[in-house]
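These are the residues of each chain, in order.
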Amino acid sequence: MLPRLSLFAVGLLLIGGLAACNGEAPEEPNDVEAFDPDTPTTELTIRTVDDQMLYADERFTVPAGEEITLRLDNSGTTSPAMLHNVVILNTMDGDVIDRVGEAGLEVGPPDYVPDDDAIIAYSPMADPGEIVEMTFTAPEEPGEYRYICTYPGHYGVMQGTMVVVES
Ligand SMILES: [Cu+2]
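The shown structure was predicted, so the numbers you read here are calculated from the model rather than taken from an experiment.

Caption draft 1: Fine view of the sheet that holds strand E3 (residues 67–73). An order of E1-E3-E6 is seen for the three strands of this open sheet, with the pairing classed as mixed. Two strands bound the open sheet, and with one partner strand each, they are strand E1 (43–47) and strand E6 (131–137). Looking at each pair of strands side by side, their axes are set apart by 25 degrees on average, direction ignored. Sheet topology places E1 next to E3; five bridges connect them, and they run parallel. Each residue of the ladder has a partner; that of Ile 46, found in E3, is Leu 72.

This is the structure in structure tokens:
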């Protein structure tokens, strides 16, 4: 009887240890302010939706040719499934989106980003609870540009639109 109880205790300790590891993710979501998706800006933070494969901000607007500072706030808590990045493409073309999105799996960690001419810029992978930052020069050509998350299995639903307007 005693050995069984001990095993049970060890099991509890293991579960406790795992819970402690999960505790690295913040209990509260990051306190990041929303922005107006239609007002041109050179500095902004895109958020994700809790533990879903979704950007909370699926659209933002930047002035053409300007230096942009873009942060990604990963509000998820589940690792490793909810790693996210932002990969900005020079197109809205569905074939290109599929090509880059599916290549993420082949490339693997840490970035999951292929070497592809269609990529304007990309962020590091953000762990749950992490905010990552990227800087890039906005395209000179006004229009709409797709951004996607290339973590395996995400790009199909995890997409947004960068709008470039004349500055
Ligand atoms: Cu993702």
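On we go.
Caption draft 2: The nonpolar core, seen in detail. Counting residues in hydrophobic clusters, the biggest one holds 29 residues, and the most contacted among them are Ile 46, Val 86, Val 87, Ile 88, Leu 89, Tyr 147 and Ile 148. Only E1, strand E2 (59–63), E3, strand E4 (87–89), helix H2 (94–107), strand E7 (143–148) and strand E8 (159–165) provide two or more residues apiece to this core. The contacts of Val 86, once residues within four sequence positions are left out, are Ile 46, Leu 70, Leu 72, Tyr 122, Ser 123, Met 134, Tyr 147 and Cys 149.

Caption draft 3: Summary view of the sheet that holds strand E5 (residues 119–122). Taken in spatial order, the five strands line up as E2-E8-E7-E4-E5 in an open sheet, and their pairing is mixed. Each end of this open sheet is capped by a strand with a single partner; those strands are E2 and E5. This sheet shows a mean twist of 25 degrees between the axes of neighbouring strands, independent of strand direction. Summarising the sheet, E4 and E5 pair through three bridges and their orientation is antiparallel. Within the sheet, the bridge partner assigned to Ile 88 lies in E5 and is Ala 121.

Caption draft 4: Representation of H2 within the structure. An ideal rise of 1.5 Å per residue puts 20 Å on 14 residues; H2 measures up with 20 Å between its terminal C-alpha atoms. Listing the buried residues of H2 in full gives Ile 97, Val 100, Gly 101 and Gly 104. Down the axis, H2 shows its buried residues gathered within 95 degrees of arc, on one side only. Exposed residues on H2 whose side chains face more than 90 degrees from its buried face are Asp 95 and Glu 106. Considering only its buried residues, H2 is in contact with E4, E5 and E7.

Caption draft 5: Structural context of the environment of Ala 121. Here Ala 121 shows up in strand E5. Accessibility expressed as a C-beta count within 10 Å gives 17 for Ala 121, which makes it partly exposed. Note: C-alpha distance between Ala 121 and Leu 89 (32 residues apart in sequence) is 7.5 Å. Dropping the residues within four chain positions of it, Ala 121 is found in contact with Ile 88, Met 134 and Phe 136.

Caption draft 6: Structural view of the environment of Asp 51. Relative to the assigned elements, Asp 51 resides in the loop between E1 and E2. By the C-beta count within 10 Å, which is 13 here, Asp 51 ends up partly exposed. With 32 residues separating them along the chain, Asp 51 and Leu 83 place their C-alpha atoms 9.7 Å apart. Ignoring sequence-local partners within four residues, the contact set of Asp 51 consists of Gly 76, Thr 77, Thr 78 and Met 82.

Caption draft 7: Unusual backbone geometry, seen in detail. In this structure, the amide linkage connecting Ser 79 to the following residue, Pro 80, adopts the cis form with an omega of 5 degrees. On the secondary structure map, Pro 80 appears in the loop between E3 and E4. In this structure, Pro 110 follows Pro 109 across a cis peptide bond, with omega equal to 5 degrees. Here Pro 110 is to be found in the loop between H2 and E5. One non-glycine residue, Asp 50, adopts positive backbone phi at about 35 degrees. Tracing the backbone through its elements, the reader meets Asp 50 in the loop between E1 and E2.

Conventions adopted
- Residues numbered from 1 in each chain as written.
- Predicted model: local features only at pLDDT ≥ 70, side-chain atom pairs only at ≥ 80, totals over all residues.
- Pairing = 2+ DSSP bridges.
- Helix = DSSP H or I, 4+ residues; strand = E, 2+ residues; numbered from the N terminus.
- Axes fitted to C-alpha atoms, helices over the stretch in contact; angles between N-to-C directions.
- Core = buried A, V, L, I, M, F, W, Y, C linked by C-beta atoms within 7 Å.
- Buried ≥ 20, exposed ≤ 12 C-beta atoms within 10 Å, placed from the backbone.
- Contact = placed C-beta atoms within 7 Å.
- Expected span 1.5 Å × (residues − 1).
- Arc of directions from axis to C-beta.

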